[in-house]
Amino acid sequence: MSIVTRCKPVYHNYVRRQLFLDLTIFKIYFSSRTLNHNRTGVVGNEDDESNTSANSLKDAILMGSKVKVLNLMKSEDLVCMNLMCEKVGDPCICRLSRALERTPNLKHLNLSGNRLSQLPDIIWNLKDLQTLDLSDNLLESRPPKISLLQNLVCLNISKNPIPNESN
């Protein structure tokens, strides 16, 4: 009985110390991450959300509806890692779809250079979207639902294997 009572405080001290270290590492990680993002302009001022941008799917998901600009030009984030997916190792829209669901206030979306052959349907729900860059992909036709994006000002579909419509 005396051994158990001696071990308990030592164990509790160990757990407390470990929690303190974990919490300290967590604080350092996120404070340095915030500083780095503020320096690079990825995270805007809380009062001024107009310039909030993300350069990865992870950042887009973390910042959610605050994201106005999503730049995924030649992004490795779009490469499918799901072993159950038929597109494993190739660009896939499944991860992109999940990120776009969490960023409904996007104004500018850059998906250029990703070898995408199709687009997720969730794109057509982005009512505030003004710029859509789909250049240098593998799209074989102009997106048929493009008219659903009422605020779209700029659409770039150059460098895609889209046949001429003049034929």
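Residues numbered from 1 in each chain as written. Predicted model: local features only at pLDDT ≥ 70, side-chain atom pairs only at ≥ 80, totals over all residues. Heavy atoms only, no water.

1. Some words on the overall build of the protein chain
Logical step 1: The helix and strand tally for the protein chain stands at 3 helices and 5 strands.
Logical step 2: Reading the secondary structure of the protein chain in the N-to-C direction produces α-β-α-β-α-β-β-β.
Logical step 3: The buried share of the protein chain, taken over its 167 residues, is 33%.
Logical step 4: Intrachain contacts of the protein chain at a sequence separation of at least 6 include 32% that bridge at least 24 residues.
Logical step 5: Carbon together with sulfur atoms contributes 55% to the accessible area of the protein chain, which is approximately 11,300 Å² in total. (Helix = DSSP H or I, 4+ residues; strand = E, 2+ residues; numbered from the N terminus. Buried < 20%, exposed > 50% of the residue type's maximum accessible area, 1.4 Å probe, protein only. Contact = heavy atoms within 4.5 Å. Areas by Shrake-Rupley, 256 points an atom, 1.4 Å probe, with all protein chains shown as cover.)

2. Points about the pattern of salt bridges
Logical step 1: Evaluated as defined, the whole model comprises 2 salt bridges.
Logical step 2: Arg 115 is paired through a salt bridge with Asp 90; the nearest N and O atoms lie 3.7 Å apart. Of this pair, Arg 115 sits in the loop between β3 (108–110) and β4 (131–133) while Asp 90 sits in the loop between β2 (69–71) and α3 (94–101), and the two are 25 residues apart along the sequence.
Logical step 3: Among the ionic pairs, Asp 121 bridges to Lys 145, the shortest N-O distance being 3.8 Å. In this pair, Asp 121 is assigned in the loop between β3 and β4 and Lys 145 in the loop between β4 and β5 (154–156), connecting sequence segments 24 residues apart. (Salt bridge = Lys/Arg side-chain N within 4 Å of Asp/Glu carboxyl O.)

3. Describing empty space enclosed by the protein
Logical step 1: For the structure on display, the rule yields 1 cavity of 30 Å³ or more.
Logical step 2: Here the largest cavity is characterised by a volume of approximately 30 Å³.
Logical step 3: Residues that form the lining of the largest cavity fall into these classes: 4 nonpolar, 2 polar and 1 charged. (1 Å grid on protein atoms, 1.4 Å probe; cavity = no way out; pocket = protein on both sides within 12 Å on 5 of 7 lines; lining within 4 Å. Points joined across faces, edges and corners; volume = space filled by probe spheres on them. Nonpolar A, V, L, I, M, F, W, Y, C, P; charged D, E, K, R; others polar.)

4. Considering the confidence of the model for the protein chain
Logical step 1: Averaged over all residues, the pLDDT of the protein chain equals 78, while 68% of them reach at least 70.
Logical step 2: Between residues 1–12, whose pLDDT stays under 50, and residues either more than four places distant or in other chains, the model counts 0 contacts. (pLDDT = per-residue confidence, 0-100.)

5. Describing unusual backbone geometry
Logical step 1: A positive phi angle, near 60 degrees, is found at Arg 115, a position not held by glycine.
Logical step 2: When its relative accessible area of 48% is taken as the criterion, Arg 115 is described as partly exposed.
Logical step 3: Not every positive phi belongs to a glycine, and Asp 136 is a case in point at roughly 60 degrees.
Logical step 4: Looking at the element boundaries, Asp 136 is found in the loop between β4 and β5.
Logical step 5: Overall, Asp 136 belongs to the partly exposed group, its relative accessible area being 38%.

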